[in-house]
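Chain by chain, the residues:
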Amino acid sequence: MTVYLHEGDLPDDLDLGPDVAIDSETMGLRFRRDPLCVVQLSAGDGNAHVVRLKRPDYDCPNLKRLLTDPAVTKIFHFGRFDIGMFLLHLGVETRPVYCTKIASKLARTYTDRHGLKDVVRETVGVDLSKAQQSSDWGAVELTQAQLDYAASDVLYLHAARAKLDLMLAREGRTELAAQCFDFLPTRSALDLAGWDEIDIFAHS
């Protein structure tokens, strides 16, 4: 595995292919309080690209172009949060998308454990370390441990997706999952608009 660190944006000539695993690191989990610090990506080739964003301007045209490219599927785990952060800080709607957490909830109905660690352990056979999850992602210098952690969040999403797709097909839920993925950017927009704690489809 090689982790490539990029300052501010992706390189102009970087081609990550038609399916890109993406995750982000922030200073916390509140949209308007906590800034977006890092975006990590993988083409599923065993390598990761970590972009340390420049705040507060977030001048990253190459990354924004990738996030909005209709020919590139962006693979997330709990994409709802990342897509919302990209909409808020980068000003772009990320499409098309695939979310392994949603796929897991639709396919792995025999369990209530749908976190990345659990999904990757079962579908890929890799035990991820989450030790750096709550570290300082706004630091002037990122440690090697942070870079390795960021990489681990995207390195296995292609393989997890492949296994989950087989399970979705087996259970007859492929189209239902696709419709959920298509709605996901709208769900993120609702979060930013103030409906983050409200299920608008609920009766009450």
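Check the entry above for the structure.
A. Here's a closer look at the pattern of salt bridges. Considering all chains together, one arrives at 14 salt bridges under this definition. For aspartate 19, the salt bridge goes to arginine 161, with nearest N and O atoms at 3.0 Å. On the criterion of sequence distance, the pair formed by aspartate 19 in strand β2 (residues 19-26) and arginine 161 in helix α6 (residues 157-170) is long-range, its members being 142 residues apart. Residue aspartate 19 is classed as partly exposed on the basis of its relative accessible area of 24%. Notably, a salt bridge pairs arginine 187 with aspartate 191, separated by 2.9 Å at the nearest N-O pair. Of the two residues, arginine 187 and aspartate 191 both sit in helix α7 (residues 174-195), 4 residues apart, roughly one turn of that helix. Each member of the pair arginine 187 and aspartate 191 is classed as buried.

B. Local environment of a nonpolar patch on the surface. Taken together, the side chains of Phe183, Trp195, Ile198, Ile200 and Phe201 make up a nonpolar region of the molecular surface, amounting to roughly 510 Å² of accessible area. Position of tryptophan 195 relative to the elements: it lies in helix α7.

C. Structural detail: the side chain of aspartate 118. Take aspartate 118: it is sitting in helix α4 (residues 116-124). With near-sequence residues (within four places) excluded, aspartate 118 lies in contact with Arg108 and Arg113.

D. Quick look at the pairing of strand β3 (residues 36-42). Most of β3 is tucked away: 7 of the 7 residues are buried. One ladder, built from 6 bridges, connects β2 with β3; its direction is antiparallel. Opposite alanine 21, over in β3, you have serine 42 as the bridge partner. Two elements, β3 and strand β4 (residues 48-52), share 4 bridges in a ladder whose sense is antiparallel. Residue valine 38 lies in a different strand from β4, and its bridge partner there is arginine 52. As consecutive antiparallel partners, β3 and β4 are separated by 5 residues, and within that stretch glycine 44 has a phi angle of approximately 85°, a positive value.

E. Broad picture of unusual backbone geometry. Cis geometry marks the peptide bond from arginine 55 to proline 56; its omega dihedral reads 5°. You can see proline 56 is positioned in the loop between β4 and α1 (61-68). Note the cis peptide between arginine 95 and proline 96, where omega equals -15°. In this fold, proline 96 is placed in the loop between α2 (79-90) and β6 (97-99). Although it is not a glycine, tyrosine 58 adopts a positive phi angle of roughly 50°. With respect to the element layout, tyrosine 58 can be found in the loop between β4 and α1. If you check the backbone angles, phenylalanine 78 has positive phi at about 55° while not being a glycine.

F. Quick look at the nonpolar core. The biggest cluster of nonpolar side chains holds 49 residues, and the ones touching the most others in it are Leu41, Leu63 and Leu90. Excluding residues that lie within four positions of it along the chain, leucine 90 makes contacts with Leu36, Tyr58, Cys60, Leu63, Lys64, Leu67 and Met85. If you look at the next biggest cluster of nonpolar residues, it comprises 8 residues, including Val38, Trp137, Leu142 and Tyr149.

G. Representation of the packing of α2 against α7 in the model. Where α2 meets α7, the axes come as close as 8 Å, and the angle between the chain directions of the two elements is 65°. Of the two possible hands of crossing, α2 and α7 adopt the one that is right-handed. Residues Gly79, Arg80, Ile83, Gly84, Leu87 and Leu88 of α2 form the contact with α7, whose own contacting residues are Leu184, Pro185, Arg187, Ser188, Ala189, Asp191 and Leu192. Here the residues of the contact of α2 with α7 sort into 7 nonpolar, 3 polar and 3 charged.

About the cut-offs
- Residues numbered from 1 in each chain as written.
- Predicted model: local features only at pLDDT ≥ 70, side-chain atom pairs only at ≥ 80, totals over all residues.
- Heavy atoms only, no water.
- Salt bridge = Lys/Arg side-chain N within 4 Å of Asp/Glu carboxyl O.
- Helix = DSSP H or I, 4+ residues; strand = E, 2+ residues; numbered from the N terminus.
- Buried < 20%, exposed > 50% of the residue type's maximum accessible area, 1.4 Å probe, protein only.
- Patch = residues over 30% accessible without salt bridge, like charges linked within 9 Å, V, L, I, M, F, W, Y side chains within 5 Å.
- Areas by Shrake-Rupley, 256 points an atom, 1.4 Å probe, with all protein chains shown as cover.
- Contact = heavy atoms within 4.5 Å.
- Pairing = 2+ DSSP bridges.
- Core = buried A, V, L, I, M, F, W, Y, C linked by side-chain atoms within 4.5 Å.
- Axes fitted to C-alpha atoms, helices over the stretch in contact; angles between N-to-C directions.
- Left-handed = near helix turned anticlockwise from the far one by under 90°.
- Nonpolar A, V, L, I, M, F, W, Y, C, P; charged D, E, K, R; others polar.

Limitation: the analysis is restricted to geometry and does not speak to function.
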